[in-house]
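# Working through the structure, step by step
Each chain, written out:
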Amino acid sequence: MQLDVFESMNTISLEDYQRREHLLAKIKDRFSTYGYQQIQTPTFEQYDLYKTITGTVNRDEMIKVIDPTGKVLVLRPDVTIPITRIIATNKQIPSGEKRFYYISNVFRNSIEQQDKKEHTQAGIENFGQNTPPLDAEIIALAIQTISDLGFKKFKLEIGHAGFFKELLKQINISEQNTSQLQQMIQAKNFSELKPFLETLSIHTDVKVALQQIPFLYGRPEDVMKRAGTVILNERMNYTLSNLIEVYELLKIYGLEEFVSFDLGLINHMDYYSGIIFQGFVENFGKPVLMGGRYDTLAEQFDTDLPAIGFACDVDAIFDAMEGEGLFSKKTSPLDIMILYTPAKQREALTAAQELRELGYRVITSLDSTPTISEASFIVRYKENVNTIKDQHNTRLFYNQEELMKQLLQNKGEL
Ligand SMILES: N[C@@H](Cc1c[nH]c[nH+]1)C(=O)O
């Protein structure tokens, strides 16, 4: 069926829409098993909020709207910031650990994707705690979420915002040089990184560390062995032991095969303060999930509130699942189509109601030919005979009890 459903500026086929709903349902189920509850933040936000906060989406990438009073608003460019603001400033919310999840669209005007301004994120945010067991639990949840969708080969690359930030503290370079450096390390652009570092007047130890850091990725055990060159002080040493502790805990979950380290990982959001991670699935060039610890973001709302979270890029996951053929074959929108003659109307409609109460998807019609072709079963109430037909054969039934028996025997078809 080629029916188009309007979804923002893009159209999506009805079948793809159903698939998307199915994948979102799986993600929600998984988030719930870790005690997260769904919330929603407003679509329109005050631009002032994002203008003053450091470490947010690039201001040029925000989509701005002017309201009738002349106030500038932005379409939600990120979910982590508004949720943090709500939790940090709402005194009515009881203290203690808080677990929220969301399925929300974020709006960004990115240069790379001019035609795609709206992205769906399915994410979780956890407030109130900073411990390695919690970091490990969040990463376990991220891994299980990807695994639930059917991906067999994928990696969660784990790093720490502290490495790059600490190295930056050791040098005094312009904002422009910082962002260039960040881009080169992020993209593992080794060929340009070395000559670029030569142009900067910085201490040799730091230069070596900055040059080495993008190479420090792969199996955690190997990375740990090679990390010596970038660990310049006690704080960085502590950061590394923090990562190792989380990795040891992930072994208890039995998830170590999905984990790799990347000490050169830098997330595009600047609010991260601790462990950071990105999820990659096979044959797909960009991350499908990203997140990390952002303990200092709430300080911008005058609150001390440790936090960690991640978001799945639903559109990327959808494309990756399609590429890997992970969507199950087309599912029928209907279990039972009941056709009846006028004399059997009461019997047919009563049966339909009972079946719906039991959770079957049923439609009825005073007709002799099915009005919909995709039902798993066609039930016919005729003057002197009732039949139930599936893909293979047609059987008779005389009353409701027998109909139920037939359906139960063929439950596998539904
Ligand atoms: N908001 C982040 C993802 C995230 C959620 N929680 C923490 N990080 C992003 O859009 O990349």
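Our subject is the structure listed above.
First things first, this report covers the structure right here in the doc. Per chain, residue numbering runs from 1 following the sequence as it is written. Where totals are concerned, whole chains, interfaces and linings use all residues; where local detail is concerned, this predicted model gives features only for residues with pLDDT of at least 70, and gives and counts side-chain atom pairs only at 80 or more. Note that water and hydrogens are dropped before the side-chain values are worked out from all heavy atoms of the structure.

### Some remarks on the site of the ligand
- Neighbouring residues are identified by heavy atoms, a residue being near a molecule or strand if any of them is within 4 Å of it. Around the ligand, a shell composed of 16 residues is seen, among which Asp78, Thr80, Glu125, Tyr271 and Tyr272 lie nearest.
- Here Tyr272 contributes a side-chain N or O atom positioned 2.6 Å from a nitrogen atom of the ligand.
- With residues, only the protein chains shown are counted as cover, and all accessible areas are computed by Shrake-Rupley using a 1.4 Å probe. Within the complex, the protein chains bury 100% of what would otherwise be the 300 Å² of accessible surface of the ligand.
- Considering each element in turn, the shell around the ligand owes the most residues, three residues, to strand 14 (residues 307-313).
- Each residue receives one of three labels: charged for Asp, Glu, Lys and Arg, nonpolar for Ala, Val, Leu, Ile, Met, Phe, Trp, Tyr, Cys and Pro, and polar for the others, Gly being one of them. Here the shell around the ligand is built from residues that sort into eight nonpolar, five polar and three charged. In protein, a polar contact requires one atom able to donate a hydrogen and another able to accept it; more generally it is a pair of N or O atoms within 3.5 Å, and residues adjacent in sequence count only if both atoms are side-chain atoms. Where helices and strands are cited, they refer to DSSP runs of H or I of at least four residues and of E of at least two residues respectively, numbered from the N terminus.

### Observations regarding the pattern of salt bridges
- For this analysis, a salt bridge means a side-chain nitrogen from Lys or Arg found within 4 Å of a carboxyl oxygen belonging to Asp or Glu. Scanning the model with the defined rule gives 21 salt bridges in all.
- The partner of Glu97 in a salt bridge is Arg99, and the shortest N-O contact between them spans 2.7 Å.
- We call a residue buried when its accessible area falls under 20% of the maximum for its residue type, exposed when it is over 50%, and partly exposed in between, using a 1.4 Å probe and counting protein chains only. Accessibility expressed as a relative area gives 35% for Glu97, which makes it partly exposed.
- Residue class for Arg99 comes out buried when judged on its relative accessible area of 18%.
- Among the salt bridges present, the one from Asp135 reaches Arg293, with a minimum N-O distance of 2.8 Å. You can see Asp135 sitting in helix 4 (residues 132-148) and its partner Arg293 sitting in strand 13 (residues 289-293), a full 158 residues away along the chain. An identical accessibility class is assigned to Asp135 and Arg293; each is buried.
- Members of the salt-bridge network, linked through shared partners, are Arg219, Glu221, Asp222, Glu248 and Lys251.

### Some remarks on the side chain of Arg99
- Tracing the sequence through the fold places Arg99 in strand 7 (residues 98-107).
- A polar side-chain atom of Arg99 sits 2.7 Å from a polar atom in the side chain of Glu97.
- Within the local environment of Arg99, its side chain forms a polar contact with the side chain of Glu137, the two groups lying 2.9 Å apart.
- Setting aside residues up to four positions removed in sequence, Arg99 forms contacts with Tyr34, Gly35, Tyr36, Gln37, Glu125, Asn126, Leu134 and Glu137. Contacts between residues were defined by any pair of non-hydrogen atoms, one from each residue, lying within 4.5 Å.

### As for the nonpolar core
- Each nonpolar core is a collection of buried residues, namely Ala, Val, Leu, Ile, Met, Phe, Trp, Tyr and Cys, held together in the definition by side-chain atoms within 4.5 Å. Residues Leu181, Leu210, Leu263 and Phe310 are the most contacted members of the largest nonpolar core, which totals 74 residues.
- Looking at which element gives the most residues to this core, the answer is helix 4, with nine residues.
- Setting aside residues no more than four positions away along its own chain, Leu210 makes contact with Phe164, Leu167, Ile171, Leu181, Ile185, Leu193, Leu197 and Ile202.
- Of all hydrophobic cores here, the second largest spans 29 residues; its members include Phe100, Val106, Phe127 and Phe301.

### A few points about empty space enclosed by the protein
- A pocket here means an open set of points on a 1 Å grid, computed over the protein atoms alone, that has protein on both sides within 12 Å along at least five of seven lines. A cavity is instead a set of points where a 1.4 Å probe fits but cannot get out; residues with an atom within 4 Å of a point line either one. Grid points are joined across faces, edges and corners, and a volume is the space filled by probe spheres set on the points. Within the structure shown, the criterion is met by one cavity of 30 Å³ or more.
- Looking at the largest cavity, it is lined by 16 residues, and the ones nearest its centre are Thr80, Tyr271, Tyr272, Met290 and Ala311.
- Residue assignment for the lining of the largest cavity shows that the elements contributing at least two residues are strand 8 (118-127), strand 13 and strand 14.
- With three residues, the single largest contributor to the lining of the largest cavity is strand 14.

### Concerning the sheet that holds strand 5 (residues 64-66)
- At least two DSSP bridges between two strands are needed for those strands to be called paired. Pairing is antiparallel in the open sheet, where three strands are placed in the order 4-6-5. The two strands at the open ends of the sheet, each matched to only one other strand, are strand 4 (44-46) and strand 5. Direction aside, the axes of adjacent strands within the sheet are offset by 45° on average.
- Strand direction decides the pairing type here: strand 4 and strand 6 (residues 72-75), joined by three bridges, are antiparallel. Across the sheet, the residue bridging to Gln46 is Leu73, located in strand 6. Where helices are involved, their axes are fitted lines through C-alpha atoms of the stretch in contact, as for all axes, and angles between N-to-C directions lie from 0 to 180°.

### Focus: the pairing of strand 16 (residues 362-365)
- Pairing geometry for strand 15 (residues 336-340) and strand 16, over four bridges, is parallel. Within strand 16, the position partnered with Ile338 by the bridge is Thr364.

### Re unusual backbone geometry
- With a phi angle near 50°, Lys188 is a residue other than glycine that sits in the positive phi range.
- Along the chain, Lys188 turns up in the loop between helix 6 (175-186) and helix 7 (190-198).
- Residue Asp302 is not a glycine yet carries a positive backbone phi of 60°.
- With respect to the helices and strands, the residue Asp302 is situated in the loop between strand 13 and strand 14.
- Among the residues examined, Asp302 registers a relative accessible area of 76% and is labelled exposed.

### Quick look at helix 1 (residues 14-33)
- If you check helix 1, its first and last C-alpha atoms are 29 Å apart, about what 20 residues at 1.5 Å a residue would give, namely 28 Å.
- Among all positions of helix 1, only Asp16, Arg20, Leu23, Leu24, Ile27, Arg30 and Phe31 are buried. Buried residues of helix 1, seen end-on, are gathered within an arc of 120° and therefore sit on one face of the element. Relative to its buried face, helix 1 has exposed residues pointing more than 90 degrees away, namely Asp29 and Thr33.
- Gly35 sits one or two residues past helix 1 and shows a positive phi near 80°. In a helix, the anticipated span is given by 1.5 Å times the number of residues less one. By arc we mean the arc of the directions from the helix axis to the C-beta atoms, nothing more.

### A few points about helix 12 (residues 345-357)
- Here helix 12 is 13 residues long and its end C-alpha atoms lie 18 Å apart, about the 18 Å a rise of 1.5 Å per residue gives.
- Regarding helix 12, the residues found buried are Ala348, Ala351, Ala352 and Leu355. Projected down its long axis, helix 12 shows its buried positions confined to an angular sector of 105°, all on one face. When the buried face of helix 12 is taken as reference, the exposed residues oriented beyond 90 degrees from it are Arg346 and Glu357.
- Phi for Gly359, located one or two positions after helix 12, is positive at around 100°.

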